[in-house]
Amino acid sequence: MADPAPPLISLWRAHLADNRRRSQHTVRAYVATAERLTEFLADHWGERPDARRLGDVTQADLRAFLAARRGDGLANRSTARELSAIRAFLAFAGEHSGSDGSAPRIKGPRIKRSLPRPIAPDNIMALGDVMASRDAPGWVQARDWAVLLLLYGAGLRISEAMGLTAAVLPLGETLRITGKGNKQRVVPVLPQLRDAISQYVALAPFDFSVDTPLFRGTRGGPLSPALVRRSMMNARRLLGLAEDATPHALRHSFATHLLAGGADLRSLQELLGHASLSSTQIYTQVDAAQLLDVYENAHPRA
């Protein structure tokens, strides 16, 4: 007898977390999609689908489900993510039912890809000054400065930075990072970044044994990404910067400024940990857009 949907979804959750090593946010979102789909199909078909029955899902079934979701107010980008999660779940269900593991082909909504907005270097330094001058213990100020330099100076995702342990100490000239899909890459460590992290470690009132988090909260536990985002939000508001001046924008700034400085796309792809060069190529458009802005604002004949 094929697995009923709830045990299958439990297996799906474990597969995402343990085998695919997806983030908690992604696991939560993909599992929620699987639950919504099976509940919809149970009502649509008049019976709760098991793994084998999920192999019979048609284009019409998926269109009906997506139409219902759009009726709930789902935007194009969210609909595309929902469809991606559905494809992955149906493929997983197919593997457990002995079918070919394929999902019906259905075109998702067209999404206009927005360009990432880098932060000017002067504004990045100003953000760091504000974050490091707030009313907080000296080691917290040093920590926030080190985190900012790590995101901007090495192009890390905030989850990658928060996932570092004290095993990276003492820092050398490079740092090995485990990114999305458990893919590893090596990034250079600038002297300023090395000094900032060394100062933070020297000031922090914690033991930095090998298996402990590198960045700590005030109670000694792992530093929450949400706290970093909140600190940067407060700093950008004090400076009057745009709402898109976020921790992730520091990674965009790292890439854009390197490209403007002459870095080639392949090297940039390796530094960012992108699986596909197409993900890196978007920064060529950012750089061109910046040049156009300069031209339009400064050229007498623009």
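Residues numbered from 1 in each chain as written. Predicted model: local features only at pLDDT ≥ 70, side-chain atom pairs only at ≥ 80, totals over all residues. Heavy atoms only, no water.

**Student:** It is not clear to me how the overall build of the protein should be interpreted in this structure. Could you clarify?
**Tutor:** Counting its regular elements, the protein contains 13 helices and 2 strands. The contacts in the protein between residues at least 6 apart in sequence include a share of 60% that link residues at least 24 apart. For the protein, the accessible area works out to roughly 16,600 Å², and carbon and sulfur atoms hold 50% of it. (Helix = DSSP H or I, 4+ residues; strand = E, 2+ residues; numbered from the N terminus. Contact = heavy atoms within 4.5 Å. Areas by Shrake-Rupley, 256 points an atom, 1.4 Å probe, with all protein chains shown as cover.)

**Student:** Quick question: what am I supposed to make of the pattern of salt bridges here?
**Tutor:** Oppositely charged side chains may form a pair once their charged atoms are brought near each other. In total, this model carries 9 salt bridges according to the counting rule given. Put simply, arginine 236 and glutamate 243 hold a salt bridge, and the shortest N to O gap is 3.2 Å. For arginine 236, a relative accessible area of 6% gives the class buried. Ionic contacts of the salt-bridge type, sharing partners, join the residues Arg36, Arg69 and Glu82 into one network. (Salt bridge = Lys/Arg side-chain N within 4 Å of Asp/Glu carboxyl O. Buried < 20%, exposed > 50% of the residue type's maximum accessible area, 1.4 Å probe, protein only.)

**Student:** I keep staring at the nonpolar core and nothing clicks. Help me out?
**Tutor:** Across soluble globular proteins, nonpolar side chains have a tendency to be buried as a group. Residues Leu150, Leu156, Leu175, Tyr200 and Phe215 are the most contacted members of the largest nonpolar core, which totals 51 residues. Within the residue set of this core, elements represented by two or more residues are helix H6 (121-133), helix H7 (138-154), helix H8 (158-162), strand S1 (174-178), helix H9 (191-203), helix H10 (225-239), helix H11 (247-260) and helix H12 (265-272). By residue number, the principal contributor to this core is H7, which donates 11 residues. Dropping the residues within four chain positions of it, phenylalanine 215 is found in contact with Arg143, Ala146, Val147, Leu150, Ala161, Met162, Tyr200, Gly221, Pro222 and Leu223. Grouped together as the second largest cluster of nonpolar side chains are 25 residues, Trp12, Val31, Ala51 and Leu83 included. (Core = buried A, V, L, I, M, F, W, Y, C linked by side-chain atoms within 4.5 Å.)

**Student:** Any chance you could explain the pairing of strand S2 (residues 184-188) here in plain terms?
**Tutor:** Within a regular beta strand, the side chains point alternately toward one face of the sheet and then the other, so they alternate between its two faces. Only one face of S2 is covered, namely the one carrying Arg185 and Val187; the face carrying Gln184, Val186 and Pro188 has none of its residues buried. Summarising the sheet, S1 and S2 pair through 5 bridges and their orientation is antiparallel. Its bridge partner being in S2, isoleucine 177 is matched across the sheet by arginine 185. The antiparallel pairing of S1 with S2 creates a hairpin that spans 5 residues between the two strands, and glycine 181 there sits at a positive phi of about 65°. (Pairing = 2+ DSSP bridges.)

**Student:** I would appreciate a short explanation of the packing of H7 against H11 in the present structure.
**Tutor:** When two helices pack together, you describe them by how their axes are tilted relative to each other and by the distance separating the axes. Interhelical geometry of H7 versus H11 gives an angle of 35° and a closest axis separation of 6 Å. Contacts between H7 and H11 involve Leu148, Leu151, Tyr152, Gly153 and Ala154 from the first element and Pro247, Leu250, Arg251, Ser253, Phe254 and His257 from the second. Its residues assigned to classes, the contact of H7 with H11 shows 7 nonpolar, 3 polar and 1 charged. (Axes fitted to C-alpha atoms, helices over the stretch in contact; angles between N-to-C directions. Nonpolar A, V, L, I, M, F, W, Y, C, P; charged D, E, K, R; others polar.)

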